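Inside the fold
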Amino acid sequence: MQVVKYVFQPHGDDRGQLVALEEFKDIPFRIKRVYYMYDTGKGVTRGYHAHKSLEQILICIHGSCKIMLDNGSEKKVIPLEKPYEGLYVSHLMWREMFDFSPDAVLMVLASELYDESDYIRDYDVFLKHVQECAEQNAASEV
Ligand code: TYD
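The shown structure was predicted, so the numbers you read here are calculated from the model rather than taken from an experiment.

Tracing the backbone shows Met 37 in strand 2 (residues 33-37). Here Met 37 falls in the buried class, since its relative accessible area comes to 8%. Residues Met 37 and Glu 55, spaced 18 residues apart in sequence, show a C-alpha to C-alpha distance of 18 Å.

Another point: the layout of surface pockets. Empty pockets left among the atoms are what a rolling probe the size of a water molecule brings to light. Reported here for the largest pocket is a volume of approximately 190 Å³. Around the largest pocket, the lining comprises 14 residues; the ones closest to its centre are Tyr 35, Met 37, Arg 46, His 49 and Met 97. Of the residues assigned to the lining of the largest pocket, the class counts are seven nonpolar, three polar and four charged.

Turning next to the pairing of strand 8 (residues 94-98). For strand 8, a buried count of four out of five residues is recorded, marking the element as mostly surrounded by other parts of the structure. Here strand 3 (residues 46-51) runs beside strand 8; their pairing, made up of three bridges, is antiparallel. By the bridge assignment, Arg 46 is partnered in strand 8 with Met 97. For strand 5 (residues 65-70) and strand 8, the ladder comprises five bridges, and the chain directions are antiparallel. Residue pairing across strands places Ile 67 opposite Met 97, the latter belonging to strand 8.

The next thing to look at is the environment of Ile 31. Within the fold, Ile 31 resides in the loop between strand 1 (5-7) and strand 2. A relative accessible area of 24% means that Ile 31 is categorised as partly exposed. Separated by 80 residues in sequence, Ile 31 and Ser 111 have C-alpha atoms that sit 5.0 Å apart. Look past the residues within four positions of Ile 31 in its chain and what remains in contact with it is Glu 23, Leu 109 and Ala 110.

With respect to spatial proximity, the complete set of residues near the ligand consists of Arg 33, Tyr 35, Arg 46, Gly 47, His 49, Met 97, Tyr 114, Tyr 119 and Arg 121. Within the side chain of Arg 121, an N or O atom sits 3.2 Å from an oxygen atom of the ligand. Protein chains shield 59% of the accessible area of the ligand, which is 530 Å² for the free molecule. If one sorts the elements of the shell around the ligand by residue count, strand 3 sits on top with three residues.

About the thresholds
- Residues numbered from 1 in each chain as written.
- Predicted model: local features only at pLDDT ≥ 70, side-chain atom pairs only at ≥ 80, totals over all residues.
- Heavy atoms only, no water.
- Helix = DSSP H or I, 4+ residues; strand = E, 2+ residues; numbered from the N terminus.
- Buried < 20%, exposed > 50% of the residue type's maximum accessible area, 1.4 Å probe, protein only.
- 1 Å grid on protein atoms, 1.4 Å probe; cavity = no way out; pocket = protein on both sides within 12 Å on 5 of 7 lines; lining within 4 Å.
- Points joined across faces, edges and corners; volume = space filled by probe spheres on them.
- Nonpolar A, V, L, I, M, F, W, Y, C, P; charged D, E, K, R; others polar.
- Pairing = 2+ DSSP bridges.
- Contact = heavy atoms within 4.5 Å.
- Near = heavy atom within 4 Å.
- Polar contact = N/O pair within 3.5 Å; in protein donor to acceptor, adjacent residues only side chain to side chain.
- Areas by Shrake-Rupley, 256 points an atom, 1.4 Å probe, with all protein chains shown as cover.

Right, dumping it as structure tokens:
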């Protein structure tokens, strides 16, 4: 499983750092929504879902956390601890976010507006979607 982590260009000077993100330039999709999590309780794990079509970039703009990505056959844990790093999360990728430092702010850039019908919240249903998708791809290659 390939993990795509973007390293953004900080514009630093003697006043400090600034990171600017533009759609289709720094971010590979149109940014339709931004949300962020903070004050996450000790020991809390969030996420436990995948999306049918949504693409996202996760940036821990303060503090640190870990992201577990699972494509249905492989799992990887990616630490996020730099405000200039962004983790790309494609559709059909199960994600769990955990190990938040008390000061963590996890910001998410999303390619679509909030749509509950795009969520897959059941792990077995997620595995079924992944399998169906693989079968469709195999059929279209014949
Ligand atoms: P939830 O999906 O439970 O967060 P996660 O699975 O990422 O830990 O979202 C928490 C609440 O926030 C839930 O009531 C839905 C709401 N919400 C929105 O209204 N808009 C959004 O863009 C998101 C991501 C969540």
